[in-house]
Amino acid sequence: MIDLAMAFLASHVRHATGLASDTLTLRTARQITDPGTPAGAYLTLINVAEERALRNLPHVERTPAQTSRIEPPVHLNLDVMYAFNFADLDTSLTFLSRTIEVFQAQRFFDATTPVAPGGPAFPPQLARLIVEMANLSLEERNNLWGMMGGSYLPSVIYRVRLVEVQAAAAVPVSRVET
């Protein structure tokens, strides 16, 4: 599910900002700072965390005909970064601004989200995505870029909430009547 969320976010920003598919690419954090990486825009995953508020969902599904046991899904928050490294700073700042505009205009995505002409459809395997800008202090941003092994690039970090992962299928159990 993480891969589907990342691919959708990259496609959505590509379409909304006019970036070519080979210009905004998915990269690891280390690849972004590699001197051999071509100029362009990058999307990378920098953290995965569980949404603990949704942890206590029921383990039982009941229908009139059957009772089943299933482990509840894990809801994840993804911290993603859009970084821009074009030949001139002005282009990088332009696409940084356009990316921020994209998620300012629309921060909630699900199956009912209207698709722009030629834009990416929301993946049916995902329930919904909520995109919120993450504000890092100067020290936190410095630590992040230091950990990635490079110097700062114009970038923005978003927390993508509620990526749902459900691997197990429901297992029928006998019903207990009292």
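Residues numbered from 1 in each chain as written. Predicted model: local features only at pLDDT ≥ 70, side-chain atom pairs only at ≥ 80, totals over all residues. Heavy atoms only, no water.

### Brief notes about helix 1 (residues 2-17)
Okay, step 1: A rise of 1.5 Å per residue sets the reference length of helix 1, with its 16 residues, at 22 Å; its end C-alpha atoms lie 23 Å apart and thus fit the reference within 8%.
Okay, step 2: Burial in helix 1 covers these residues: Ala5, Met6, Phe8, Leu9, Ala10, His12, Val13, Arg14 and Thr17. (Helix = DSSP H or I, 4+ residues; strand = E, 2+ residues; numbered from the N terminus. Expected span 1.5 Å × (residues − 1). Buried < 20%, exposed > 50% of the residue type's maximum accessible area, 1.4 Å probe, protein only.)

### A look at the pattern of salt bridges
Okay, step 1: What the rule picks out here adds up to 4 salt bridges.
Okay, step 2: Arg107 is the salt-bridge partner of Glu132, the closest N and O atoms lying 3.7 Å from each other. Here Glu132, found in strand 7 (residues 128-133), pairs with Arg107, found in the loop between helix 3 (89-105) and strand 6 (108-110); they are 25 residues apart in sequence, far enough to count as distant.
Okay, step 3: You can call Glu132 partly exposed: its relative accessible area is 27%.
Okay, step 4: Exposure remark for Arg107: the relative accessible area of 42% places this residue in the partly exposed category.
Okay, step 5: Here Glu132 and Arg161 are joined by a salt bridge, their closest N and O atoms 3.1 Å apart. Taken together, the residues Glu132 in strand 7 and Arg161 in strand 8 (residues 155-165) connect sequence positions 29 residues apart.
Okay, step 6: Bridged by salt links that share partners, the residues Glu51, Arg107, Glu132 and Arg161 form one connected network. (Salt bridge = Lys/Arg side-chain N within 4 Å of Asp/Glu carboxyl O.)

### Quick word on the side chain of Asp110
Okay, step 1: You can see Asp110 is positioned in strand 6.
Okay, step 2: Engagement of the side chain of Asp110 in a polar contact is seen with the side chain of Thr112, the distance being 2.6 Å.
Okay, step 3: Discounting chain neighbours no more than four positions away, the residues touching Asp110 are Phe122, Ala127 and Arg128. (Polar contact = N/O pair within 3.5 Å; in protein donor to acceptor, adjacent residues only side chain to side chain. Contact = heavy atoms within 4.5 Å.)

### Notes on the sheet that holds strand 2 (residues 40-50)
Okay, step 1: If you walk across this open sheet you meet the 6 strands as 1-2-5-8-7-6, and the pairing is mixed. Taken across any chain shown, the strands that pair with only one partner, and hence form the sheet edges, are strand 1 (24-26) and strand 6. Adjacent strand axes in the sheet meet at a mean angle of 25 degrees, parallel and antiparallel pairs treated alike. (Pairing = 2+ DSSP bridges. Axes fitted to C-alpha atoms, helices over the stretch in contact; angles between N-to-C directions.)

### Concerning the confidence of the model for the chain
Okay, step 1: Confidence in the prediction of the chain, expressed as mean pLDDT, is 87, and 88% of residues score 70 or more.
Okay, step 2: No element of the chain has a lower mean pLDDT than strand 9 (residues 171-173), which averages 62, and none a higher one than helix 3, which averages 96. (pLDDT = per-residue confidence, 0-100.)

### Section: the pairing of strand 5 (residues 74-85)
Okay, step 1: In terms of burial, strand 5 is a largely internal element, 10 of the 12 residues being buried.
Okay, step 2: Note that strand 2 and strand 5 share 10 bridges and pair antiparallel. Bridge pairing links Leu43 to Tyr82 in strand 5.

### So, a nonpolar patch on the surface
Okay, step 1: A cluster of nonpolar side chains, Met1, Val74 and Val165, forms an exposed patch at the surface whose accessible area comes to about 190 Å².
Okay, step 2: By the secondary structure assignment, Val74 is in strand 5. (Patch = residues over 30% accessible without salt bridge, like charges linked within 9 Å, V, L, I, M, F, W, Y side chains within 5 Å. Areas by Shrake-Rupley, 256 points an atom, 1.4 Å probe, with all protein chains shown as cover.)

### A word on the nonpolar core
Okay, step 1: Core analysis: the largest hydrophobic core is formed by 29 residues, its most contacted members being Leu9, Tyr82, Phe103, Leu129, Val160 and Val163.
Okay, step 2: The set of elements that each furnish at least two residues to this core consists of helix 1, strand 2, strand 5, helix 3, strand 7 and strand 8.
Okay, step 3: Among the elements that take part in this core, helix 1 stands out by supplying 6 residues, more than any other.
Okay, step 4: Listed in part, the 11 residues of the second largest apolar core include Met81, Ala83, Ala134 and Leu153. (Core = buried A, V, L, I, M, F, W, Y, C linked by side-chain atoms within 4.5 Å.)

### Some points on the side chain of Thr25
Okay, step 1: Relative to the assigned elements, Thr25 resides in strand 1.
Okay, step 2: According to the relative accessible area criterion, Thr25 is buried, its value standing at 17%.
Okay, step 3: Ignoring sequence-local partners within four residues, the contact set of Thr25 consists of Arg14, Ala41, Tyr42 and Leu43.

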